[in-house]
Number of protein chains: 4
Amino acid sequence: MSKNSPVRLALVGAGRIGSNHAELVARHVPGAALVAVADPTPSADRLAADLDVAVVEHSAQALLDRTDVDAVLITTPARTHAELVVAAAAAGKHVFVEKPMAVTLAEADRAIAAADDAGVVLQVGFNRRFAPGWVAARAAIDTGRVGTPQLLRSVTRDPGPFSADPARIPPGTIFLETLIHDFDALCFLNPGARPVRVTALADALIRPDAKAAGHLDTAVVTVEFDNGAIATAEASFSALYGYDVRGEVFGSGGMVTAGDARATDMTYYGPDGIGVDTARRDTDLLRSAYLAEFVAFTEAIRSGTPAPVTGTDARTALSIALAAVRSASTRGPVEVADVLAEVTA
Amino acid sequence: MSKNSPVRLALVGAGRIGSNHAELVARHVPGAALVAVADPTPSADRLAADLDVAVVEHSAQALLDRTDVDAVLITTPARTHAELVVAAAAAGKHVFVEKPMAVTLAEADRAIAAADDAGVVLQVGFNRRFAPGWVAARAAIDTGRVGTPQLLRSVTRDPGPFSADPARIPPGTIFLETLIHDFDALCFLNPGARPVRVTALADALIRPDAKAAGHLDTAVVTVEFDNGAIATAEASFSALYGYDVRGEVFGSGGMVTAGDARATDMTYYGPDGIGVDTARRDTDLLRSAYLAEFVAFTEAIRSGTPAPVTGTDARTALSIALAAVRSASTRGPVEVADVLAEVTA
Amino acid sequence: MSKNSPVRLALVGAGRIGSNHAELVARHVPGAALVAVADPTPSADRLAADLDVAVVEHSAQALLDRTDVDAVLITTPARTHAELVVAAAAAGKHVFVEKPMAVTLAEADRAIAAADDAGVVLQVGFNRRFAPGWVAARAAIDTGRVGTPQLLRSVTRDPGPFSADPARIPPGTIFLETLIHDFDALCFLNPGARPVRVTALADALIRPDAKAAGHLDTAVVTVEFDNGAIATAEASFSALYGYDVRGEVFGSGGMVTAGDARATDMTYYGPDGIGVDTARRDTDLLRSAYLAEFVAFTEAIRSGTPAPVTGTDARTALSIALAAVRSASTRGPVEVADVLAEVTA
Amino acid sequence: MSKNSPVRLALVGAGRIGSNHAELVARHVPGAALVAVADPTPSADRLAADLDVAVVEHSAQALLDRTDVDAVLITTPARTHAELVVAAAAAGKHVFVEKPMAVTLAEADRAIAAADDAGVVLQVGFNRRFAPGWVAARAAIDTGRVGTPQLLRSVTRDPGPFSADPARIPPGTIFLETLIHDFDALCFLNPGARPVRVTALADALIRPDAKAAGHLDTAVVTVEFDNGAIATAEASFSALYGYDVRGEVFGSGGMVTAGDARATDMTYYGPDGIGVDTARRDTDLLRSAYLAEFVAFTEAIRSGTPAPVTGTDARTALSIALAAVRSASTRGPVEVADVLAEVTA
């Protein structure tokens, strides 16, 4: 790897998570350089100034047209991801796209095909796969110490209090954007197994007033896998104690757990008992995971090897999410095969 | 309380758990005396000898006919519980019955009515309610620190490896005898709320060969409550690391967790990392809980106050278990109201 | 063991710790009965009434004169322990004496000799030896997993805020009554090794105004053992977070730690982070240890086997404490052999 | 901060820790560039090649003579540190020097004076000050939640088994190179207080055969501060379970602890109980601390503000270490003032 020719990365989407990613890529990823930022709003200019990035574009296409960009990080709203992946691939750019890669299977297939056709790296932002606890859990599974997974659990709770306007959150978001992490994590922690059947329970417990408009903020989803394992994914939009991400795999040989809400290894003992600070943001709790996924993306580009999280992985997680969306409304189990059959129909 | 007139307790059923309970009652419960043991097998004689109990009977009825017994602990096989409760109440004995109190709602109703009619204390062996972590969790909920419960979890995993003969385990056992603990714990941790709908997934992952005969050894059950809370109960018959009982309540104000598989506060650091011993048996992990429930039972008898866990609590947990049994076969959600309606039909 | 002939125990000293012990012995120790309570104050009557104990004496000797008492628990002020051990042994009573057994070596020797001469069991109240974490730590050491102990630590911090009148606390108390626990624990966790040299640092940091009168409330004592191990014992009279007792043994093969200030396995997650309740009193944190030592004492009496913690153990711990008292004033290391030599001089 | 003009850093000393630091600085510190490596051995060439560093020098002076270097990281053997600080300052370079900055007070004074005279930043590698747990502990102390520190503890145990040749380790190393971290950490965690008196116990417990030659591998040092606090620092050269670094501050208001040997938040539950992996190397356990100190150094240079850990801090820690060296041989307490007085004599 030569510093003389870093991978030239550009960011598309300068919002909260885009800014986080840009900072990591600009400053902390060896062999990578952040060379451009695109966003229709002035946040692009501010972010570029903060990070000494010379090029600012106000449209994604303008950025994709540039010849001095090797790869893009797509951190725009979820519904725009797939079309941007297709456009980026068409422009010959390697692509890191935040989850979800797509919100329909047809979109997902187009995105995957576009990357395949262009021969570019396509990596999806499933950060659990790079978090040290999850990496170690998977390693324990791979060594056989857990045996055959039988019961799995994955939890994502966003830090509260919930203050967003539910009306601005598309229906299905809790499945397609939040639990999609857990669906992928469950597949990652049950290697080789395929999801078969999904049952979802969801409600608007935080903002019951928004339920009539289709807003769901709390959900429990069970996923049955073809190796018999039964998994539970659970999400809430408002954990008052901070960001809470955990995984658990129970198998014929033992159990692994991953995830810890505590912020540091400092513990305070005082008149009210023992206290530990929690991480308030995903970008704090999972910082090393974010960093590792960008390092891996850069390495995949430089080495020509496949991305460690592929479009196919994203499609599998999406198939669970779509089954969950349907199950939440039908109130019964949904076969993943039925969901998959429709796209090919 | 006078030591001169202890509550005279008798044990019905001198198996593993009966022997545990007898030892606790005989030696560690102030104000109680174990005065008789009944079991058709020689284990009654052995246990009585071990504990200096003078009276041995080889039938339950012979024991119930005695006038020198105030109360009975019923620790026979589950299917016999309800009829023994009825008989004991008819004999004017106070009753502590191990879970499940009954395996049908009709039985449950007869047991409750018998105790009511006789004016005896009827307490059911839901030990979580007496475990210090669960007591503290409930106290935190009662103070309002957790807010309204939204997501709950209760786990019971029996220590492995599983070595019983599945053919000798009645169908439905994982719901009626194991998860019944979790169903009650979920109600205990969601005070005032009623279970509405149950969805169960269950399989024979430990002994797949026994599945055809109806044996289920692994299960995940979701329970929806009338306050919107969504709960998950999870069980396995074979945790290689020991007995694993945990609870979690996430609410609008925070979260409480209870349960810890570790055996003591000793930690070992060695060449393989950090190691902690686990409790291998329920009678170790929950010893203080067992003891506390017998202290409470004795107190209820002496003070004339209601038992802290009633036949009605047992009936509620049973209604969830029966809904789970049905859901596991129909593969869809089951309304608790439908299950309850049948008994009155 | 027959319930028909329990060991008849009597309590001498109905203060805080005596009342705790009396309750445990009266209600929770199989094969033991609390038959009498002696104390010059009305607390004897109150305690006896609470526990249904028929006999109250207002002097120790009156109690020792009784023929219906097999053994005594001595929980009077520390300075009176040794003479009461001697008197009890002379009366043919088995003796459980709270730590310290004695505050001078001459006293210790008289107490040991009296028990030996009378052939009675003499057990000293070093409760750490019965706490599950310490028992497990010692077991790990005995299996060789820790290797040769090299660095040890024992901590005792009493719950604060400190509210006693320092003028009523005899000089040397932090060494003779508090750290004596740690000195014994260090010997227990370094089996077979002998203390060689002691260096003590102590101050009045909680009540500096009381220092001139000789009151010390904070101390750090290092103890060098003849196997090379270097140990640290640390005490404070005022831990605002509760009672804090911990042990650590680092050796050539690994490390064990024991002790945990948390009260239960309940954890609360809220807006201020993660919180755990602590045990506020020794009688809560070490309840099972207290109980176990009385069970062991009763068993030693019934079985005729030696006590698990002997007068000789107490003498060893005392020799360290006396060396620490001297070191705290001389500000330099004190040889244990020099302390021991004086008693025989 | 402009990426166009990064701080140009050069490494002096391409050994194990130097290579670690070089990698962090080269790849992960915003606003810094590693532009040169100096070492008399071929390791300089290898490291430079690995990190795409163009300039290799085989003497420190050659590197200091370069005009294209702004600052140096000194990671040579400890005995050479001070003279290199002086030389670097004389050459106008900012200096980050690994601990210890010096091994005599005279050297320390020359190093501090040289940096002052040259107006360059001088930062010393006390990494605990940048570890998240220690930062949080200090923050808790600064808010007053711990009250006045009364009892402190700092532990450093190097991962074992110890395999170095003791003959190649200079006498005093455990104090001057290992415990120097703890001495500084104790000062950091007792802000505003000054060390007064030091008592050291040290031995060759790991390699008793090397003791005659002056090699010490295990030590316990007490440090008394002018605010009354009594601190213990403890070190071993061979912890079989990995790298173990912990801190504890007990005060009038509560306690804080920092440090955790576990490697990730993954926990494994298996037939042998609960297991957690430990970090085997300082460069793993404290990676974020190392990184943070280089970020801080770079920031101090760019902003012209003082280094967060100064030569004066290093001198204070050194004064404790020198007192410990003396105490270990005299077997009694040593006044820090006496040590300090000699340098000015």
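Check the entry above for the structure.
Scope of this entry: the structure provided in the associated data block.

## A look at the sheet that holds strand 5 (residues 94-97) of chain B
Across a sheet, paired strands are connected by hydrogen bonds in the backbone, their directions being either parallel or antiparallel.
Residues and elements named next belong to chain B.
At step 1: With respect to topology, six strands assemble into an open sheet ordered 3-2-1-4-5-6, the strand pairing being parallel. Every interior strand has two partners, whereas the edge strands, strand 3 (55-57) and strand 6 (122-124), have only one. Taken pair by pair, the neighbouring strands of this sheet meet at an average axis angle of 25°, ignoring direction.
At step 2: By the bridge criterion, three bridges tie strand 2 (residues 32-38) to strand 3 in an arrangement that is parallel. Bridging from a neighbouring strand, Ala36 pairs with Val55 of strand 3.
At step 3: Lying over the sheet, helix 1 (residues 16-28) contacts strand 1 (7-12), strand 2, strand 4 (71-74) and strand 5, oriented at roughly 150° with respect to strand 2.

## Observations concerning the relation of the copies chain B and chain D
At step 1: In the superposition of chain B on chain D (RMSD 0.0 Å, axial shift 0.0 Å), the rotation amounts to 180°. Viewed as a symmetry operation, the transformation between the two copies matches a two-fold axis. For chain B, the minimum C-alpha distance to the rotation axis belongs to Gly275 of chain B and amounts to 2.3 Å.
At step 2: In this assembly, 100% of the residues forming the interface of chain B have copies in chain D that are likewise at the interface, indicating an isologous arrangement.

## Considering unusual backbone geometry
At step 1: Between Gly160 of chain C and Pro161 of chain C the backbone carries a cis peptide bond, its omega angle lying at 0°.
At step 2: Within the fold, Pro161 of chain C resides in the loop between strand 7 (149-159) and helix 7 (173-188).
At step 3: Of note in the backbone geometry, Asp52 of chain A takes a positive phi value of approximately 60° without being a glycine.
At step 4: Relative to the helices and strands, Asp52 of chain A resides in the loop between helix 2 (43-50) and strand 3 (55-57).
At step 5: Residue Asp52 of chain A is classed as partly exposed on the basis of its relative accessible area of 31%.
At step 6: Here the phi dihedral of Arg331 of chain C falls at roughly 60°; this positive angle occurs in a residue that is not glycine.
At step 7: One can find Arg331 of chain C in the loop between helix 10 (311-330) and strand 15 (334-335).
At step 8: The class of Arg331 of chain C is partly exposed, set by a relative accessible area of 42%.

Cut-offs applied
Residues numbered from 1 in each chain as written. Chains lettered and ligands numbered in written order. Predicted model: local features only at pLDDT ≥ 70, side-chain atom pairs only at ≥ 80, totals over all residues. Heavy atoms only, no water. Pairing = 2+ DSSP bridges. Helix = DSSP H or I, 4+ residues; strand = E, 2+ residues; numbered from the N terminus. Axes fitted to C-alpha atoms, helices over the stretch in contact; angles between N-to-C directions. Contact = heavy atoms within 4.5 Å. Least-squares fit on C-alpha atoms with pLDDT ≥ 70 in both. Buried < 20%, exposed > 50% of the residue type's maximum accessible area, 1.4 Å probe, protein only.

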